[in-house]
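# Architecture and fold: a report
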Amino acid sequence: MNSEYLKETAAIAALKFIEPQLESTTIIGVGTGSTASFFIAALSEIKQKFNAAVSSSEASTEQLKKLDINVVDLSVGRKVQFYIDGADEVAPDNSLIKGGGAALTREKIVATSAEQFICIVDDSKLVNKLGKFPLPVEVIPMARGLVAEHLVKLGGLPEFREGTLTDNGNAILDVYDLDLSSPDRMEEEINNIVGVVCNGLFAATRPDKVIIGGKSGLTIR
């Protein structure tokens, strides 16, 4: 079984989990990336059972619209019942690293707005401790150097993600070698650096459920 099949398996399991709870007024938040893309494709098969979707990126919005799924803007106070998205790493306590697709800020906004956050991954994303995957940090472009200096003081090695602008028009620093043994504390410390928009630690906002596609079957925790 390859990882793409396992991602799709997790995505379909998430759809089956939420489907009995859908109503005509339900708004579903969707994430960004290859695993979320499988969920969006599956969602198109039941689009008559819910009201609309809120998207965390322009790429996901485009996919939703191509499938004739109604997309609404979260900024007008929409109530999101479910948010479904993937992750780059998942720790045993369900804290996450996200942001490989540079959509971390919008993803965190929608995840925080949702009544239920469901993370869908294949088992290659499971780790004993966060940090092998570099931590993405979205920064205001003019503050890139300032933020990098502070990240070094925190023990990290920041690397500018060349050629990448977020949907918000900002830059990404990928930070290696941070001690993420206390992800809640580190998430807060990084967010307090002037010039940081958001970072890819999802500890304060961790998922209510993680659905894992594995070679031996599905696991939900």
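## Observations concerning the overall build of the protein
Check the secondary structure of the protein and you find six helices and 13 strands. Over its C-alpha trace the protein gives a radius of gyration of 17 Å, about what one expects of a compact globule, namely 17 Å for 221 residues. Oriented by its inertia axes, the alpha-carbon framework of the protein measures out at about 50 × 40 × 30 Å. Across the 221 residues of the protein, 52% fall into the buried class. Pairs at least 24 residues apart make up 74% of the contacts formed inside the protein by residues separated by at least 6 positions. Distance between charge centres in the protein, computed from 22 positive and 30 negative side chains, equals 2 Å.

## Describing the pattern of salt bridges
Pairing is possible between side chains that carry opposite charge, provided their charged atoms lie close to one another. Under the counting rule described, the total for this entry stands at 14 salt bridges. The closest approach of N and O atoms between E187 and K108, which form a salt bridge, is 2.8 Å. On the criterion of sequence distance, the pair formed by E187 in helix α6 (residues 183-191) and K108 in helix α4 (residues 104-113) is long-range, its members being 79 residues apart. There is no split in this pair, since E187 and K108 are both buried. One salt bridge connects D123 with K215, and the closest N-O pair in it is separated by 3.9 Å. Taken together, the positions of D123 in the loop between β6 (114-122) and β7 (135-139) and K215 in the loop between β12 (209-214) and β13 (217-220) put the pair 92 residues apart, joining distant regions of the chain. Classification of D123 by relative accessible area gives partly exposed; the value is 27%. Each of the salt bridges in this network shares a partner with another, and the network as a whole consists of D85, K98 and E107.

## What about the side chain of S55?
The residue S55 is located in strand β2 (residues 52-55) in this model. Among the polar contacts listed, one links the side chain of S55 to the backbone oxygen of S57, at a separation of 2.7 Å. A distance of 3.0 Å separates polar atoms of two side chains, one belonging to S55 and the other to T61. Beyond its immediate sequence surroundings of up to four residues, S55 is in contact with V30, S60, T61, L64, V71 and V110.

## Re the sheet that holds β7
The strand order β8-β9-β7-β10 describes an open sheet built from four strands, whose pairing is antiparallel. Strands with a single pairing partner mark the edges of an open sheet, and in this sheet they are β8 (157-160) and β10 (196-199). Ignoring strand direction, the axes of neighbouring strands in this sheet form an average angle of 30°. Its contacts with the sheet put α4 on β7, β9 (171-176) and β10, and the angle it makes with β10 is roughly 65°.

Thresholds applied
Residues numbered from 1 in each chain as written. Predicted model: local features only at pLDDT ≥ 70, side-chain atom pairs only at ≥ 80, totals over all residues. Heavy atoms only, no water. Helix = DSSP H or I, 4+ residues; strand = E, 2+ residues; numbered from the N terminus. Rg over C-alpha atoms; globule rule 2.2 N^0.38 Å. Buried < 20%, exposed > 50% of the residue type's maximum accessible area, 1.4 Å probe, protein only. Contact = heavy atoms within 4.5 Å. Lys, Arg positive; Asp, Glu negative; His and termini not counted. Charge placed at Lys NZ, Arg CZ, Asp CG, Glu CD. Salt bridge = Lys/Arg side-chain N within 4 Å of Asp/Glu carboxyl O. Polar contact = N/O pair within 3.5 Å; in protein donor to acceptor, adjacent residues only side chain to side chain. Pairing = 2+ DSSP bridges. Axes fitted to C-alpha atoms, helices over the stretch in contact; angles between N-to-C directions.

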